[in-house]
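Fold and geometry: a report
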Amino acid sequence: MRGSHYRLPFLFQERMVIMINNIKCKKWWKAAGIRAIKTMAQAAIATIGTSTMITEMNWMMVASATAMAGLLSLLTSVSGLPECSETEKEGE
């Protein structure tokens, strides 16, 4: 147990380097963008689907939910995407 508190910052720094390298990768941006667009489309469809009539649609709510879904998708992708890690392993 002694010295285990020194390992945590090292693992955190290592993970931060991986996340920064992901953001610099062109393949990451393409994969993350595709995921974000799909997530935004799903959020828009779900939000529109909850309305009983199209005339009662709150379009500001649809737009804000869609934008938030896209932003959250990109932030979630920062931790890593299987598409990018597989292509990096194949290229090595």
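Residues numbered from 1 in each chain as written. Predicted model: local features only at pLDDT ≥ 70, side-chain atom pairs only at ≥ 80, totals over all residues. Heavy atoms only, no water.

Describing the packing of aromatic side chains
Counted according to the given criterion, the structure contains one aromatic pair. Aromatic pair Trp 28 and Trp 29: ring centres 4.8 Å apart, planes at 85°, arrangement edge-to-face. Residue Trp 29 is classed as partly exposed on the basis of its relative accessible area of 46%. (Phe/Tyr/Trp six-rings, centres within 6.5 Å; stacked < 30°, edge-to-face > 60°. Buried < 20%, exposed > 50% of the residue type's maximum accessible area, 1.4 Å probe, protein only.)

Topic: the confidence of the model for the chain
Residue-level pLDDT values for the chain average 79, and 77% of them are 70 or greater. Ranking the elements of the chain by mean pLDDT puts helix α4 (residues 82-91) last, at 57, and helix α3 (residues 59-77) first, at 93. (pLDDT = per-residue confidence, 0-100. Helix = DSSP H or I, 4+ residues; strand = E, 2+ residues; numbered from the N terminus.)

Observations regarding the packing of helix α2 (residues 26-49) against α3
Interaxial distance between α2 and α3 falls to 8 Å at its minimum, and their mutual angle equals 150°. If you check the angle between α2 and α3, you find them roughly antiparallel. Handedness of the crossing formed by α2 with α3: right-handed. On α3, the residues touching Trp 28, Ala 32, Gly 33, Arg 35, Ala 36, Thr 39, Met 40, Ala 43, Ala 44, Thr 47 and Ile 48 of α2 are Trp 59, Met 61, Val 62, Ala 65, Thr 66, Ala 69, Gly 70, Ser 73, Leu 74 and Ser 77. (Axes fitted to C-alpha atoms, helices over the stretch in contact; angles between N-to-C directions. Parallel < 35°, antiparallel > 145°, perpendicular 65-115°, else oblique. Left-handed = near helix turned anticlockwise from the far one by under 90°. Contact = heavy atoms within 4.5 Å.)

Points about the nonpolar core
In terms of nonpolar packing, the biggest core is built from eight residues, these being Met 19, Cys 25, Trp 28, Ala 31, Ala 32, Val 78, Leu 81 and Cys 84. Apart from residues no more than four positions distant in its own chain, Val 78 is found in contact with Met 19, Asn 22, Ile 23 and Trp 28. (Core = buried A, V, L, I, M, F, W, Y, C linked by side-chain atoms within 4.5 Å.)

Some remarks on a nonpolar patch on the surface
On the surface, a cluster of nonpolar side chains totalling about 390 Å² of accessible area is made up of Met 68, Leu 71, Leu 72 and Leu 75. Here Leu 71 shows up in helix α3. We classify Leu 71 as partly exposed; its relative accessible area is 45%. (Patch = residues over 30% accessible without salt bridge, like charges linked within 9 Å, V, L, I, M, F, W, Y side chains within 5 Å. Areas by Shrake-Rupley, 256 points an atom, 1.4 Å probe, with all protein chains shown as cover. Salt bridge = Lys/Arg side-chain N within 4 Å of Asp/Glu carboxyl O.)

A few points about the environment of Asn 58
Within the element layout of this structure, Asn 58 appears in the loop between α2 and α3. Counting along the chain gives 11 residues from Asn 58 to Thr 47, while the straight-line C-alpha distance between them is 9.3 Å.

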